[in-house]
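Given next are the chains, with one letter for each unit.
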Amino acid sequence: MMKEPIVKKVESISVARFYETYRNTLELQLLNSPLGMTRPILQPTLNRPGLALAGYFGYFAHERVQVFGAAEVAYMAQLGDEERRSRLELLLKKDIPCIVFSLGNEVPPDLLSMADEYRVSVFSSNLRTTTLVNRATIILENEFADSVTVHGCMVDVRGVGVLLTGESGIGKSEITLGLVERGSSLVADDMVRVRNSSGELMATSPKLSRGYIEIRGLGIINVTNLFGLKAFRNDKRVDLVINLFNGQQTELERLGLDHQTTTILGLEVEHLNLPVAPGRDMSRLVEVAALGRYLRGSGYDMAGEFNRRLNLEIQRNSQPPHQP
């Protein structure tokens, strides 16, 4: 079984990281000074501060990014100048991470100067409120997801996410290269970051090594340069973990009826031990294992079907002959 790596937990991310990493995805623009960029975002969801603007802070989620949509802007527009400033000041005093105005919603007068005073960053987005909230929520859930870093290779084999593990030098990268040559897509080589994203194990690679494979004797290979853009994908769900090892084939269960699992970040995923030996086409074997996993996920078990046929044949042959 694969050894459980150390779990990395994210308690917060800075507003600067949120903005600099995702400003293109969320179409963000900073409207005031960058004094509030060091503030932490403590929760992976967003908040619409309508009740807070009305003066009720009983359940105010101040740890979240605050989104101002049409309702919030319309409410503030019907307030007098002094009352509006008072409500906004109460909001800014609550140590909120930042404020984002969605598409078509104007920033209230004096808010930017007040935000600078309290060191709170204010952004505008070209996205509609619903799109902004949905997209940012997915981003923050991924940022806050528990993660581990696994020594191995991750590859998308015909839609099945396969995580290859095993001792250093066992041939993981060479097998992955063979799979890419057959039409699979590389996700990560050597270091695989796996995160628990809303109950699914998602794998990706560090930015520095993204799209590259290291092959002993050849060096660093850029898979998209050799095999095209389809040879790489940014992330993929982990559907199957294959542990490669040096051993005898007789040590393993022959029919494949016993499907084992391993646990990563509290989630179970199918696990297979595959022996490496001279002359074995390991890339082909991994591909067949992935296709078998796909079929089982679709409700068809090859080994189970053979076992049923075998049992029926044994039952038929064990019946006494018919007496005339």
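Rules used throughout
- Residues numbered from 1 in each chain as written.
- Predicted model: local features only at pLDDT ≥ 70, side-chain atom pairs only at ≥ 80, totals over all residues.
- Heavy atoms only, no water.
- Phe/Tyr/Trp six-rings, centres within 6.5 Å; stacked < 30°, edge-to-face > 60°.
- Buried < 20%, exposed > 50% of the residue type's maximum accessible area, 1.4 Å probe, protein only.
- Helix = DSSP H or I, 4+ residues; strand = E, 2+ residues; numbered from the N terminus.
- Lys NZ or Arg CZ within 6 Å of the ring centre and 35° of its normal.
- Salt bridge = Lys/Arg side-chain N within 4 Å of Asp/Glu carboxyl O.
- Lys, Arg positive; Asp, Glu negative; His and termini not counted.
- Polar contact = N/O pair within 3.5 Å; in protein donor to acceptor, adjacent residues only side chain to side chain.
- Contact = heavy atoms within 4.5 Å.
- Pairing = 2+ DSSP bridges.
- Axes fitted to C-alpha atoms, helices over the stretch in contact; angles between N-to-C directions.
- Parallel < 35°, antiparallel > 145°, perpendicular 65-115°, else oblique.
- Left-handed = near helix turned anticlockwise from the far one by under 90°.
- Nonpolar A, V, L, I, M, F, W, Y, C, P; charged D, E, K, R; others polar.

A. A look at the packing of aromatic side chains. Summed over the entire model, instances satisfying the criterion amount to three aromatic pairs. On the numbers, 5.3 Å between centres and 85° between planes, the contact of Phe57 with Phe60 is edge-to-face. You can call Phe60 buried: its relative accessible area is 13%. Ring plane angle 40° and centroid distance 4.8 Å describe the contact between Phe68 and Phe101, whose orientation is recorded as tilted. Of the two residues, Phe68 sits in strand E5 (residues 65-68) while Phe101 sits in strand E6 (residues 98-101), which places them 33 residues apart along the sequence. A relative accessible area of 0% means that Phe101 is categorised as buried. Seen from the ring of Phe57, Lys94 lies directly overhead, with NZ or CZ sitting 5.0 Å from the centre.

B. Highlighting the pattern of salt bridges. For the coordinates displayed, the defined rule picks out 16 salt bridges. The salt bridge involving Arg84 is made with Asp81; its shortest N-O contact spans 2.9 Å. Note that Arg84 and Asp81 are positioned in helix H4 (residues 81-92) at a spacing of three residues, about one turn of the helix. In this structure, Arg233 engages Asp156 in a salt bridge whose closest nitrogen and oxygen atoms are separated by 2.9 Å.

C. How the structure looks around the side chain of Lys172. Structurally, the position occupied by Lys172 is in helix H7 (residues 172-181). Despite its burial, Lys172 pairs with no opposite charge; the closest candidate is Asp190, at 6.5 Å N-O. At 3.1 Å, the side chain of Lys172 forms a polar contact with the backbone oxygen of Gly166. When neighbours within four sequence positions are excluded, Lys172 is seen to be in contact with His151, Gly152, Cys153, Leu164, Thr165, Gly166, Glu167 and Leu244.

D. Just the sheet that holds strand E14 (residues 235-237), in detail. On the basis of which strands lie adjacent, the open sheet formed by eight strands has the order E14-E11-E10-E8-E9-E15-E17-E16 and mixed pairing. Lying at the two open borders of the sheet, with one neighbouring strand each, are E14 and strand E16 (260-264). Adjacent strand axes in the sheet meet at a mean angle of 40°, parallel and antiparallel pairs treated alike. Sheet topology note: the E16/strand E17 (residues 267-276) ladder contains five bridges and is antiparallel. Within E17, the residue paired with Gln260 across the bridge is His271. Docked against the sheet, helix H9 (residues 282-297) engages strand E8 (147-157), strand E9 (160-166), strand E15 (240-246) and E17, running at close to 150° with respect to E17.

E. Just the packing of H7 against H9, in detail. Where H7 meets H9, the axes come as close as 8 Å, and the angle between the chain directions of the two elements is 70°. Accordingly, the angle class assigned to the pair H7 and H9 is roughly perpendicular. Crossing of H7 against H9: the hand is right-handed. Only Met282, Ser283, Val286 and Glu287 of H9 make contact with H7, whose side of the interface consists of Glu174, Ile175, Gly178 and Leu179. Residue classes in the contact of H7 with H9 are distributed as four nonpolar, two polar and two charged.

F. Here's a closer look at the sheet that holds E6. Ordered by their spatial adjacency, five strands build an open sheet running E2-E7-E6-E5-E4, and the pairing between neighbours is mixed. Edge positions in the sheet fall to strand E2 (28-30) and strand E4 (46-47), since each of these pairs with one other strand and no more. Pairing analysis gives four bridges linking E6 to strand E7 (residues 121-125), with the strands arranged parallel. Pairing of Cys98 across the sheet is with Ser121, part of E7.

G. Spotlight on the packing of helix H1 (residues 15-26) against helix H6 (residues 129-144). One way to put it is that H1 packs onto H6 with a least axis distance of 11 Å and a crossing angle of 140°. The angle between H1 and H6 falls in the class oblique. The hand of the H1/H6 crossing is right-handed. Judged by residue contacts, Arg17, Phe18, Tyr22, Thr25 and Leu26 of H1 engage Leu132, Arg135, Ala136, Ile139, Leu140 and Glu143 from H6.

H. Molecular detail of unusual backbone geometry. You will see that Asp190, though not glycine, has its phi angle at about 80°, which is positive. Inspection of the secondary structure puts Asp190 in strand E10 (residues 185-197). Exposure remark for Asp190: the relative accessible area of 32% places this residue in the partly exposed category. With phi around 55°, Leu265 is a residue other than glycine that occupies positive phi space.

I. Up close: the pairing of E6. Burial along E6 is two-sided: the face carrying Cys98 and Val100 and the face carrying Ile99 and Phe101 are both buried. Across three bridges, the pairing between E5 and E6 is parallel. Note that in E6 the partner of Gln66 across the bridge is Ile99.

J. Region of interest: the pairing of E15. E15 sits mainly inside the fold: six of its seven residues count as buried. In this sheet, E15 lies alongside E9 in parallel orientation, the contact comprising five bridges. Bridge pairing in E15 places Val162 opposite Leu240.

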